[in-house]
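Spelled out from the first residue to the last, the chains are:
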Amino acid sequence: MTRISSLLLLCALTAGAFAATPAAPETPAPAAKAAKAAAGQSMTENDKVVFAIGEILSGSVKPFALTDHEMQLVRDGFDAGMHGKKTSVDAESYRPQIQALLSERMGKEVAGAKVAGKAYRDKAATAKDTTTSASGVIMTTLKAGSGPNATADDQVKVNYEGRLIDGTVFDSSQQHGQAATFRVSGVVPCWSESLQHMNAGTKARLVCPPEQAYGDRGSPPKIPGGSTLVFDVELLAIEKAPAAPAQPAESAQPAQPAQPAQPAQPAAPATQASPH
């Protein structure tokens, strides 16, 4: 629901902003200019900003897995909305159907990703020096390390590269310009489990089923739902995680003042003897 809401909100904002000003006459760019724009060449800084709007919008539409025919319909609808054209379609009334279509298409994408991932994992499990855990994580040792294994409470320093099964790199320590440092228990289950079978100096390849990574939801826009992920990991160092800051001791309660002594009661007067 979040994806479709953000898509519709962004489209509504752009269409609403356009509707607030008179429509300018259409001046289609020459094909050569459009080709240069698509390649990111000969664009001014403002051109790049506007081009980026298109790329961002495409990321919201991509989960629909539209056919070429459907993409043309989207372009037509976008053009109609931007220019305030009257059409036979009441777009607002179709929000439930749009959400249903998104759910259907994403469900098919996830199912397809799981089938492809299972085939990839079955093959990866047969590699040399490979083990498969009860949770389905496949670990291939590329270089042995030494010393004690990391524990869930340790902090580790690693170089890594994460890929989809088609080889697309979605993240790496090289992209960030430095090794990553984190607590073993603070990452996806595949990593938390595998790092506890590694010691300093170990290089390993991890093949993570979706259930041990980002599940059916994935991590948009780079990791589709249902994806099996491949990580090359080099464990550089194991460190003890910083201890949690000590809680300040409760200050002692001041002693209660002693209750003042009660004043003595005056003695009762002596009773006089009766006269005889």
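Read on for an overview of the structure. (Residues numbered from 1 in each chain as written. Predicted model: local features only at pLDDT ≥ 70, side-chain atom pairs only at ≥ 80, totals over all residues. Heavy atoms only, no water.)

1. Structural notes on the packing of aromatic side chains
Alright, step 1. Scanning the entire structure with this criterion turns up four aromatic pairs.
Alright, step 2. Between Y160 and W191, the aromatic rings sit 5.7 Å apart at their centres with planes inclined by 85°, giving edge-to-face as the arrangement. One end of the pair, Y160, is in strand β3 (residues 154-164); the other, W191, is in helix α7 (residues 189-195), with 31 residues separating them in the sequence. Of the two residues, Y160 and W191, neither departs from the other in class, the shared state being buried.
Alright, step 3. On the numbers, 5.3 Å between centres and 85° between planes, the contact of W191 with F231 is edge-to-face. Residue W191 is located in helix α7, and its partner F231 is located in strand β7 (residues 229-240); the two are separated by 40 residues in the primary sequence.
Alright, step 4. Take W191: its relative accessible area is 6%, and that puts it in the buried class. (Phe/Tyr/Trp six-rings, centres within 6.5 Å; stacked < 30°, edge-to-face > 60°. Helix = DSSP H or I, 4+ residues; strand = E, 2+ residues; numbered from the N terminus. Buried < 20%, exposed > 50% of the residue type's maximum accessible area, 1.4 Å probe, protein only.)

2. Here we look at unusual backbone geometry
Alright, step 1. Of note, the bond from P220 into P221 is cis; its omega dihedral lies within 30 degrees of zero at 0°.
Alright, step 2. With respect to the helices and strands, the residue P221 is situated in the loop between β6 (203-208) and β7.
Alright, step 3. Positive phi, normally seen in glycine, also occurs at A65, with a value near 50°.
Alright, step 4. Within the fold, A65 resides in the loop between α3 (45-61) and α4 (68-82).
Alright, step 5. Although it is not a glycine, D129 sits at a positive phi angle of roughly 55°.
Alright, step 6. Examined against the element boundaries, D129 turns out to sit in the loop between α5 (95-124) and β1 (130-132).

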